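Structural overview for review
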Amino acid sequence: MDLFEYAKSKSLEKESPLASRLRPSRLEEVVGQEHIVGKDKLLYRAIKADKLSSIIFYGPPGTGKTTLAKVIANTTSAEFTQINATSAGKKDMEEVVKQAQTSIGMYGKKTILFIDEIHRFNKGQQDYLLPFVEDGTLILIGATTENPYFEVNGALLSRSIIFELKALSKENIKELIHRAVTDEKKGMGSYQVSMEEDAADFLADMASGDARSALNAVEIGVLTTPRGEDGRIHITLEVASECIQKRVIRYDKKGDNHYDIISAFIKSMRGSDPDAAVYYLAKMLYAGEDIKFIARRMMICASEDVGNADPQALTVAVSAALAVERVGMPEAQIILSQAAAYIACAPKSNSAVTAIDLAMKSVKETETTVPPHLQDAHYSGHTSLGKGIGYQYAHNYPNHYVKQQYLPTEIQNARFYELSDMGYEKTLKEHMERIKRGPSK
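Model, not experiment: these values are computed from the prediction.

Let us now look at the nonpolar core. Residues Ile173, Ile177, Met195, Leu203, Val218 and Ile235 are the most contacted members of the largest nonpolar core, which totals 31 residues. Contributions of two or more residues to this core are made by helix H2 (18-21), helix H10 (170-182), strand E6 (193-195), helix H11 (197-206), helix H12 (211-224), strand E7 (233-235) and helix H13 (237-243). Here this core takes six residues from H12, the largest share from any one element. Among all residues touching Ile173, those that are not within four sequence positions of it are Leu168, Ala204, Ala207, Gly209, Asp210, Ala211 and Ala214. By size, the runner-up hydrophobic cluster in this structure holds 30 residues, among which are Phe265, Met284, Met298 and Ala332.

So, about the pairing of strand E4 (residues 138-144). With seven of seven residues buried, E4 is to be regarded as a mostly interior element. Alternating residues of E4 divide into Leu138, Leu140, Gly142 and Thr144 and Ile139, Ile141 and Ala143, and every residue in both groups is buried. Across four bridges, strand E1 (residues 55-58) lies against E4 in parallel orientation. Bridged to Ile55 within E4 is Ile141.

Let us now look at the state of the cysteines. According to the stated counting rule, one finds zero disulfides in the structure shown. With no disulfide partner, Cys301 has as its closest neighbouring cysteine sulfur the one in Cys345, 12 Å distant.

The next subject is helix H6 (residues 90-106). Between its terminal C-alpha atoms H6 stretches 24 Å, which fits the 24 Å expected from 17 residues at 1.5 Å a residue. Listed as buried for H6 are Met93, Val96, Val97, Ala100 and Ser103. The buried residues of H6 all sit within an arc of 125° when viewed along its axis, so they share a single face. Every exposed residue of H6 that faces more than 90 degrees away from the buried side is listed here: Lys91, Lys98, Gly105 and Met106. Against the buried residues of H6 lie strand E2 (79-84), strand E3 (111-116), helix H7 (123-134) and E4. Backbone geometry just downstream of H6 places Gly108 in the positive-phi region, at approximately 70°.

Parameters and conventions
- Residues numbered from 1 in each chain as written.
- Predicted model: local features only at pLDDT ≥ 70, side-chain atom pairs only at ≥ 80, totals over all residues.
- Heavy atoms only, no water.
- Core = buried A, V, L, I, M, F, W, Y, C linked by side-chain atoms within 4.5 Å.
- Buried < 20%, exposed > 50% of the residue type's maximum accessible area, 1.4 Å probe, protein only.
- Helix = DSSP H or I, 4+ residues; strand = E, 2+ residues; numbered from the N terminus.
- Contact = heavy atoms within 4.5 Å.
- Pairing = 2+ DSSP bridges.
- Disulfide = S-S within 2.5 Å.
- Expected span 1.5 Å × (residues − 1).
- Arc of directions from axis to C-beta.

This is the structure we're talking about:
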């Protein structure tokens, strides 16, 4: 690095955003993620001993994936180089590999390659890295917000240790906020900032576990708020609320969070909690989820979890699915809310699920034949083969019911559908018991 490059790097460091400047350079400065960087944890020991193997950091934005990579860069004796998968191409990787081969061949030094947003690399790009990770030319550190088991080459995964980073707690975020306004070297301490506790609480809560979001808000507040009569910049709750105009929801339509929210939505309806169901519905709508996807899942829930305890639930769900396609947003949210609340409040039964599961199992395990009296006798000559002979027409009997064998002889005593005592199923159960008590021939 020459004098001009050094001056440029120092200028960039000084002018970089607060979230970047405040990144820790040592493990002891890292906030949160104790489950992987606690003093007795594998990653902590590996970094301290400078004995890293290839690793993948996986977690939501703003949880410290790049931060941990920077800490490793500051502590390792290996060469450290970084590329971003959104802009790097094969030529960039070839250059990194060439330098790594030179480093290990001439100086015996390994190279750590940090790839941010590694899920952006296509299969061919990931495959290119594989032999160099395999022979030790490169130690790979990948960072991704996507589930690596879906987005990263399986061969690379098998040669890497995956560390999942969790969303930072509210207390973690508050610690970083207070560090930001007091640290005179990296933070905003030289601005003489007074951060009110309720403002810090608000920012920490609104950040939803994303440290970068909170620190960006702090920086905006400090740089745009005039000094008070005492010469200090006061970050009040009002100032903090201005800095975050709209709460940013962590919701990736293709990632884990997407599946977590829809899972919570379904389980809330199944669990008869309309408040939770409508809340998770709102969260999906706020994040721009496809209303047709939501409607499809509600139709499934109406059948799977409500069933004949309230047959109307499926009708409501299907009607809602048709209506939201014709109406669109924002009015569609009202229709979805009505349907979700109805399904949540409806009596529940999964008898239909159990019935089809048992029936499918029986079909797979046992070869059967339709009883002759139930076989089709409409075509010429079929009666001479015994088809349809002996069938009793139910409408000719009291209660429109007659006891006869319907299941194949091989499984004639099997039971698949058991009516529950919930909602309309109880009525159906009583009806079935009543007609079977009547006279039959």
